[in-house]
Amino acid sequence: MRRRLAETTIRVLRDLTGRWGFARRARLKLRDLVARSGPPRWEATRDDLSFRYLRGDGIEIGALNMPLRVPPQARVRYVDHASADELRELYAWELHIHGWPLVPPDVIDDGERLTKFEDASLDFVIANHMLEHVEDPIAALHHFLRVLRPGGILFLTLPDARHTFDARRERTTVEHLLRDHREGPEASRRDHYEEWARVIESVPEERVPARVEELATEQPRHHFHVWELDTFLEFLIALQPPADLEAARATEKEFAVILRKNPDKHWPETAR
Ligand SMILES: C[S@@+](CC[C@H](N)C(=O)[O-])C[C@H]1O[C@@H](n2cnc3c(N)ncnc32)[C@H](O)[C@@H]1O
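Residues numbered from 1 in each chain as written. Predicted model: local features only at pLDDT ≥ 70, side-chain atom pairs only at ≥ 80, totals over all residues. Heavy atoms only, no water.

### Looking at the pairing of strand 5 (residues 148–159)
Look at any regular strand and the pattern is simple: side chains alternate between the two faces of the sheet.
Turning to step 1, where the next piece is worked out: Most of strand 5 is tucked away, with nine of its 12 residues classed as buried.
Turning to step 2, where the next piece is worked out: Relative to strand 5, strand 4 (residues 122–128) runs parallel, the two being bridged by six bridges. Bridge pairing in strand 5 places I126 opposite F155.
Turning to step 3, where the next piece is worked out: Handedness of the crossover joining strand 4 and strand 5 through helix 5 (residues 137–147): right-handed.
Turning to step 4, where the next piece is worked out: As paired strands, strand 5 and strand 7 (residues 254–261) are joined by seven bridges and run antiparallel to one another. Bridge pairing in strand 7 places T157 opposite A256. (Buried < 20%, exposed > 50% of the residue type's maximum accessible area, 1.4 Å probe, protein only. Helix = DSSP H or I, 4+ residues; strand = E, 2+ residues; numbered from the N terminus. Pairing = 2+ DSSP bridges. Right-handed = clockwise from strand over helix to strand, strands pointing away.)

### Looking at the packing of aromatic side chains
Turning to step 1, where the next piece is worked out: Enumeration over the complete set of coordinates arrives at six aromatic pairs.
Turning to step 2, where the next piece is worked out: Summarising the aromatic geometry, the rings of Y193 and F224 are spaced 6.2 Å apart at their centres and angled 50° between planes, so their arrangement reads as tilted. Of this pair, Y193 sits in helix 7 (residues 186–200) while F224 is found in the loop between helix 8 (208–217) and helix 9 (229–239), placing the two residues 31 residues apart along the sequence. You'll find Y193 and F224 in the same group, each marked buried.
Turning to step 3, where the next piece is worked out: Residues F232 and F235 carry aromatic rings whose centres are separated by 5.7 Å and whose planes lie at 70° to one another, so their mutual orientation is edge-to-face. (Phe/Tyr/Trp six-rings, centres within 6.5 Å; stacked < 30°, edge-to-face > 60°.)

### Some points on the environment of P185
Turning to step 1, where the next piece is worked out: Here P185 lies in the loop between helix 6 (174–183) and helix 7.
Turning to step 2, where the next piece is worked out: On a C-alpha basis, the gap between P185 and V134 in space is 9.5 Å, while along the polypeptide they are 51 residues apart.

### Concerning the site of the ligand
Turning to step 1, where the next piece is worked out: In the vicinity of the ligand there are 18 residues, among which G62, D80, D110, G111 and N128 approach most closely.
Turning to step 2, where the next piece is worked out: D80 has a polar side-chain atom sitting 2.6 Å from an oxygen atom of the ligand.
Turning to step 3, where the next piece is worked out: Within the side chain of D110, a nitrogen or oxygen atom sits 3.0 Å from a nitrogen atom of the ligand.
Turning to step 4, where the next piece is worked out: Burial of the ligand by the surrounding chains reaches 90%, relative to a free accessible area of 600 Å².
Turning to step 5, where the next piece is worked out: Here the shell around the ligand is composed, by residue class, of seven nonpolar, six polar and five charged. (Near = heavy atom within 4 Å. Polar contact = N/O pair within 3.5 Å; in protein donor to acceptor, adjacent residues only side chain to side chain. Areas by Shrake-Rupley, 256 points an atom, 1.4 Å probe, with all protein chains shown as cover. Nonpolar A, V, L, I, M, F, W, Y, C, P; charged D, E, K, R; others polar.)

### A short note on the nonpolar core
Turning to step 1, where the next piece is worked out: In this structure, V125, L141, F144, L154, F232 and F235 are the most contacted members of the largest nonpolar core, which totals 38 residues.
Turning to step 2, where the next piece is worked out: Listing elements by their share of this core, those giving two or more residues are strand 1 (56–61), strand 4, helix 5, strand 5, helix 6, helix 9 and strand 7.
Turning to step 3, where the next piece is worked out: Core analysis: the next-biggest nonpolar cluster, separate from the first, contains 16 residues, L49, L54, A74 and I126 among them. (Core = buried A, V, L, I, M, F, W, Y, C linked by side-chain atoms within 4.5 Å.)

### Points about helix 9
Turning to step 1, where the next piece is worked out: Three or more residues of helix 9 are buried, namely L229, T231, F232, L233, F235, L236 and L239.
Turning to step 2, where the next piece is worked out: Just downstream of helix 9, Q240 is the residue with a positive phi angle, here 50°.

### Thoughts on helix 8
Turning to step 1, where the next piece is worked out: Where helix 8 is concerned, the buried positions are V208, R211, V212 and L215. Along the axis of helix 8, the buried positions cluster into a sector of 105°, meaning they face one direction only.
Turning to step 2, where the next piece is worked out: Close packing links the buried residues of helix 8 with helix 7. (Arc of directions from axis to C-beta. Contact = heavy atoms within 4.5 Å.)

### Remarks on the side chain of D80
Turning to step 1, where the next piece is worked out: Relative to the elements of secondary structure, D80 occurs in strand 2 (residues 74–80).
Turning to step 2, where the next piece is worked out: Residue classification places D80 among the buried positions, given a relative accessible area of 10%.

### A word on the packing of helix 6 against helix 7
Turning to step 1, where the next piece is worked out: The N-to-C vectors of helix 6 and helix 7 enclose an angle of 130°; their axes lie 8 Å apart at closest approach. Between helix 6 and helix 7, the angle is such that the two are oblique. Of the residues in helix 7, those touching helix 6 at H176, R179, D180 and E183 are E186, A187, S188, D191 and H192.
Turning to step 2, where the next piece is worked out: Here the contact of helix 6 with helix 7 is built from residues that sort into one nonpolar, three polar and five charged. (Axes fitted to C-alpha atoms, helices over the stretch in contact; angles between N-to-C directions. Parallel < 35°, antiparallel > 145°, perpendicular 65-115°, else oblique.)

Structural data, given as structure tokens:
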């Protein structure tokens, strides 16, 4: 009698745990499917911020083969420092791994200076994964904000160093950026190339000087500066550009920062 009771209990328990196990597995599978459906978080974040903030006429600098999706109320012209053919050659590897087609630039201009754009002529400027390639990011921010109308939007995304090949590099300090701006980027160019050769390319110490010479003659494609969201915000807070911070978000591979040009604010003396 006792034995039969014990056997029945075990059978019922096994049955129940089996079902619960199945239910649990099904629930986890469903959660996994929901999590994996839809675009990855970085893309969803770009879409969300773009549809929230972009209207009117603007530019995207360095879209390459990953132009930002924009809402129907936004008209974009694409700006890059080289022609479509030159970009295909320079970025052959990136274009090959992604497989998406290059967006031919409408305007060829140095995105750091935006020489072909009038002051206060645009409603938005987009620069996704571009600012880290720039030697003097403070000068670039000056020009991005210069070409914006009052209330215009600066849409930036940058690789988050914690999740890229830059993870082992020192984060760029505010002092370094101010020095690059005041003294000119030549002041730290050699140090950047040495760091790139040592940390990113793991070049043996005796080969570093030769590699630095090569890097100096190549078209720059590497990251001069390295940030994660909070070090980038530290930089903006120290810099006090004439803009309001509208949004800042970290995702699994990059961070996004949205600034709105504020005509009542002015560049502080220290960052002119
Ligand atoms: C890494 S790709 C970014 C591609 C894409 N926007 C993304 O989100 O991945 C960098 C792009 O910025 C462009 N770029 C870098 N420095 C530039 C400059 N000074 N002026 C104009 N374009 C520049 C490059 O030619 C390239 O198209």
